[in-house]
Each structure stands twice: as structure tokens, then as C-alpha cells.
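# Descriptive structure summary
Next come the chains, spelled out residue by residue.
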Amino acid sequence: MRSTRKAQAKPEQRTEIVEAIKFLAKEKELSEEMLFATVEDALKKAYQKNIPKGEPVPSPANITATIGRTDGVVHVYVRRLIVEEIAEEEHATADQITLEEARKLQPDCQMGDIIELDVTPRGFLRVAAQTAKGVIMQRLREAERGRVYDEYIDKENEILTAIVRRVDQKAVYLELGRTEGILETSEMIPGETLNEDDHVKVYVLEVHRPDAGNAPSSARGPQVRVSRIHPNLVKRLFEMEVPEIAGGAVTIKGIAREAGSRTKMAVHASDMMIDPVGSCVGQRGSRVDRVVNELKGEKIDIIKWSDNPAEFIANALNPAHVLSVFVEESGQRSCKVVVPDNQLSLAIGKEGQNARLAAKLTGWKIDIKSESQANVMEDMVDDVEIEPIEPFERFDEVAEIPMDEDDTL
């Protein structure tokens, strides 16, 4: 099988197309060959759209467009198969040629060879220049988006400082440096009001390309979805404020959060000489205050984590003082907690929030009883003279937790 090309009579000088491609490839750090190939593909499509009416239309696979890498000469070629008789099928007249016609162009060709004909239209260089300009600009935009995407995809699950640029009913649009962030109303702290030019910390939920299936159809660049209510926002803020956490000496074991209202965070230090709670609070509360201010006054309880379930549960119910914890032995992660009569409401919290967050933080179902309620239950068992079953393991030694006056009801 052989292939021949009809030479163009007079090569042209270096064109603006070549100069533009080479300059942009260097300026934007793109592949020069990739740009040439992209323009050639666009020229092929441009030729297909400009075939005069009445002329046979070749199959796209049999069309080739080229640009001289140094002289900028543009050619369009059509491949035809040499056959004895042209079949009367769609594209046949454009994709096939008889041996007789082929030998007029290439005397030594044989049956079954492929001959390549130069079909470059007159004035096609002007079309090529316009096409190349559009294609190059499109590829540059795509390349820029790709670079920005690559930069921000590494920032997923991280915290960024953003500037509010636009606020509407559905979302707040943020400036994140080289791209835009979207803070949906469902990801905003309840009751928080953001205004243009405000600086806020946000947690990056996900980054996706504008051509991805979950991207808005009008997107012009990588879309960065961010949140102000995600528990990891609190985690990242403490990592920024507490060197012991950033360095690994103190570990955040868990966070339970109701954004805009209250957060409970459990911390642990592998070194007994380090106070994990004190490290997070800082001198005179300086470290935790900075996090609270960023979260617009959201209360934060920092508690000491323990591998002893009873102690951890007691700590999690801070600011209430826990008298005892009964942990069920059935493996259902359920427990009963006894607190002083005057602290039952404090342990439960407003609308059950303190108990709810403690349960979420520890992963245990917590049933809170006052001391008098617990005694009544014991008396009821004694009255019916049934030997009490002890399905719980009792821990009387629990840490006393200081009460926060602001948490009283």
C-alpha cells in the first residue's frame, strides 16, 4: 500500500499562525506540538464545513490537515482507495478512485493502493488563521483551568481564607485567589450574615472541573464548594492556632458540632506532661477565643479524651458534674449517667443539646438521671423484693468538671 501527496507549488513564508503558536506555547508552558495538532484538527473540521455544494464529501477519517512547523504552509489532503469500479454508496465517490484516474496523478500506483490528494481550497489560509486564533484561545483557557484545578484539588479538606465578592439568596460567592468559591446557604452558619469584602475562613468540601457532570453549566473555571458548618472547619482552625496540635503532640480525637451554637471537641496528649485541654485553651483563653471569634461566638467545649468509656462520657457532659456512670455490658454502647439533682437541666442542656452533642461525640446512647430519680428506681426494685440484676458496671471515680456559668439555664 502506498501513499502519495500532491506538492504545493510555492511554499509561503513563516506565518503569524506559527509565530503565535510558538510564542503561546513558551509563554504558557504548553506543548507546542499539542497546539499544532489541535489547530490541525480544527482546520480539518473547517474544511468539512466549507466543501462546496455538489462536491462529494469524504469521510472524516480520510481527511488530513497539516501546518508546516517552520513555514506555516497549510495543506488539506483527502485519502482515496484505488478500486476497479467505484461503488454507488454514501461517500464512495469521495473515498475511492479508479486505477485509471489514479495513474493520471501517480503513474506507478497499483490496485488497492491509497493515494493522497491535495484539496486545499483557495484562500484557505485566511480561514486557517481565523480558526487557529479561536482554537488557540480555547486551548489556553482550558489549560489555565486545568492548572488552577490541579492547584486547588490539593486543597480539598483544607481551610482557606476567602473574600466575599457577591451575596445572593442561594449562595455566597467568594474570591479564593485564582478561582471562585461557592458557599451555599445550606453550608453557612445559621444566623451569620456575610457582606461584600468580608474575610472569612472556609473549609473546602470539593473541587471539580467546569466540564464535570456535577458542575454548573455556566461555570468558567474550577468550581470550589466550601463550608462554614463542617466539623473539620473547627479542627483546621485549632490546628492553625495550637502548635501542639500542628506538631502532633496533641491529637483531636473527635468533634461534635451544631454550627452557630455549640461544639464539643475531645483532645488527647500522648505525653502525660502535656495538658491537652490547656494547650487548646491557651493562656487566658487566647487560643480558643480566636477560634470562637472566627465562628461568630459559637461556644466550644474542649474535653479530655479517655479510653475509659465512663470517664470519657462524664467528661463529654461538661459543664455538668457527673456522680456516676453505669455502662451496659451487653455491648450496645448504652449507659446511664447520674448527676446531682440541681444539675439535671445543665447535663441535658437547652433543648437537649448538651446530652445530644455528648452522645454524638462519644458514640454512646446516654440516659441521664438525677440522683433522686436514681434512688427512687432502686427503692422500687426493693419494694417488689426482686433481687436486682446488675447489668451495668459502675465507675464512681469520675473527673469533676468545672461548671461554666454561661451554661446555666
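Residues numbered from 1 in each chain as written. Predicted model: local features only at pLDDT ≥ 70, side-chain atom pairs only at ≥ 80, totals over all residues. Heavy atoms only, no water.

## What to know about the overall build of the protein chain
- Counting its regular elements, the protein chain contains 13 helices and 16 strands.
- Expressed as a percentage of its 409 residues, the buried residues of the protein chain come to 44%.
- A separation threshold of at least 6 residues defines the contact pool for the protein chain, and within that pool the share at least 24 residues apart is 64%.
- Per element, the accessible surface of the protein chain, about 23,400 Å² overall, is 47% carbon and sulfur. (Helix = DSSP H or I, 4+ residues; strand = E, 2+ residues; numbered from the N terminus. Buried < 20%, exposed > 50% of the residue type's maximum accessible area, 1.4 Å probe, protein only. Contact = heavy atoms within 4.5 Å. Areas by Shrake-Rupley, 256 points an atom, 1.4 Å probe, with all protein chains shown as cover.)

## Remarks on unusual backbone geometry
- Cis geometry marks the peptide bond from N318 to P319; its omega dihedral reads 20°.
- Note on placement: P319 falls in the loop between α10 (309–316) and β13 (324–328).
- A positive phi angle is found at D197, which is not glycine, with a value near 80°.
- Counting through the fold element by element, D197 comes out in the loop between β7 (180–184) and β8 (199–208).

## Thoughts on the environment of V339
- Here V339 lies in strand β14 (residues 334–339).
- Looking at V339, the relative accessible area reads 0%, which means it is buried.
- Spatially, the C-alpha atom of V339 lies 7.4 Å from that of I368, the residues being 29 residues apart in sequence.
- When sequence neighbours within four positions are dropped, the list of residues in contact with V339 reads H321, V322, L323, L344, A347, I368, K369, S370 and E371.

## Re helix α1 (residues 16–27)
- With 12 residues, α1 extends 16 Å between its outermost C-alpha atoms, agreeing within 8% with the 16 Å of an ideal straight helix rising 1.5 Å per residue.
- Among all positions in α1, only I17, V18, I21, L24 and A25 are buried. All buried residues of α1 fall inside an arc of 145° around its axis, so they share one side. In α1, the exposed positions angled more than 90 degrees off the buried face are occupied by E16, F23, K26 and E27.
- Looking one or two residues beyond α1, the residue adopting positive phi is E29, at roughly 55°. (Expected span 1.5 Å × (residues − 1). Arc of directions from axis to C-beta.)

## Thoughts on the packing of aromatic side chains
- Summed over the entire model, instances satisfying the criterion amount to one aromatic pair.
- The ring of Y152 has K155 sitting right over it, with the charged end atom 6.0 Å from the ring centre.
- The aromatic ring of Y173 is capped on one face by R166, whose charged end is 4.0 Å from the ring centroid. (Phe/Tyr/Trp six-rings, centres within 6.5 Å; stacked < 30°, edge-to-face > 60°. Lys NZ or Arg CZ within 6 Å of the ring centre and 35° of its normal.)

## What about the packing of α10 against helix α12 (residues 353–362)?
- Two elements in contact, α10 and α12, have axes whose closest approach is 9 Å; the angle formed by their N-to-C orientations is 145°. For the pair α10 and α12, the crossing hand works out as right-handed. Contacts from F312, I313 and A316 in α10 reach A358, L361 and T362 in α12.
- When grouped by side-chain class, the residues that make up the contact of α10 with α12 number five nonpolar, one polar and no charged. (Axes fitted to C-alpha atoms, helices over the stretch in contact; angles between N-to-C directions. Left-handed = near helix turned anticlockwise from the far one by under 90°. Nonpolar A, V, L, I, M, F, W, Y, C, P; charged D, E, K, R; others polar.)

## A look at the pattern of salt bridges
- In total, this model carries 23 salt bridges according to the counting rule given.
- The partner of E158 in a salt bridge is R236, and the shortest N-O contact between them spans 3.9 Å. Of the two residues, E158 is situated in the loop between α5 (124–153) and β5 (159–167) and R236 in helix α6 (residues 231–241); the sequence distance between them amounts to 78 residues.
- R236 gets classed as buried once you look at its relative accessible area, which sits at 18%.
- Of the charged contacts, one joins E206 and R225 as a salt bridge, the two residues approaching to 2.9 Å between their closest N and O atoms. (Salt bridge = Lys/Arg side-chain N within 4 Å of Asp/Glu carboxyl O.)

## Points about the sheet that holds strand β12 (residues 299–304)
- In spatial order, the strands read β10-β11-β12; together these three strands make up an open sheet with mixed pairing. The open sheet terminates on both sides in strands that have one partner only, identified here as β10 (250–258) and β12. Taking the axes of each pair of neighbouring strands and ignoring which way they run, one obtains an average angle of 20° across the sheet.
- Pairing of strand β11 (residues 262–269) with β12 involves six bridges; the strand directions are parallel. Its bridge partner lying in β12, V267 is registered against K304.
- Those strands touched by α10 are β11 and β12, and its axis lies near 160° from that of β12. (Pairing = 2+ DSSP bridges.)

## As for the nonpolar core
- Within the largest apolar cluster, 28 residues are counted, with the highest numbers of intra-cluster contacts made by I21, V39, L43, Y47, I67 and F124.
- When residues of this core are traced back to their parent elements, those giving at least two are α1, α2 (32–49), β1 (63–67), β2 (74–83) and α5.
- Per-element tally for this core: the top contributor is α5, with eight residues.
- If we skip the residues at most four places from it in the chain, F124 touches L43, Y47, V74 and V76. (Core = buried A, V, L, I, M, F, W, Y, C linked by side-chain atoms within 4.5 Å.)

## A closer look at the environment of D154
- For D154, the location among the structural elements is in the loop between α5 and β5.
- Along the backbone, D154 and E206 are 52 residues apart, and their C-alpha atoms lie at a distance of 10.0 Å.

## Some words on the sheet that holds β8
- If you walk around this closed barrel you meet the five strands as β5-β6-β7-β9-β8, and the pairing is mixed. Adjacent strand axes in the sheet meet at a mean angle of 50° when their direction is disregarded.
- Across five bridges, the pairing between strand β6 (residues 171–175) and β7 is antiparallel. Along β7, the bridge assignment pairs E175 with E180.

Treat this as a map of the structure, not an account of what it does.
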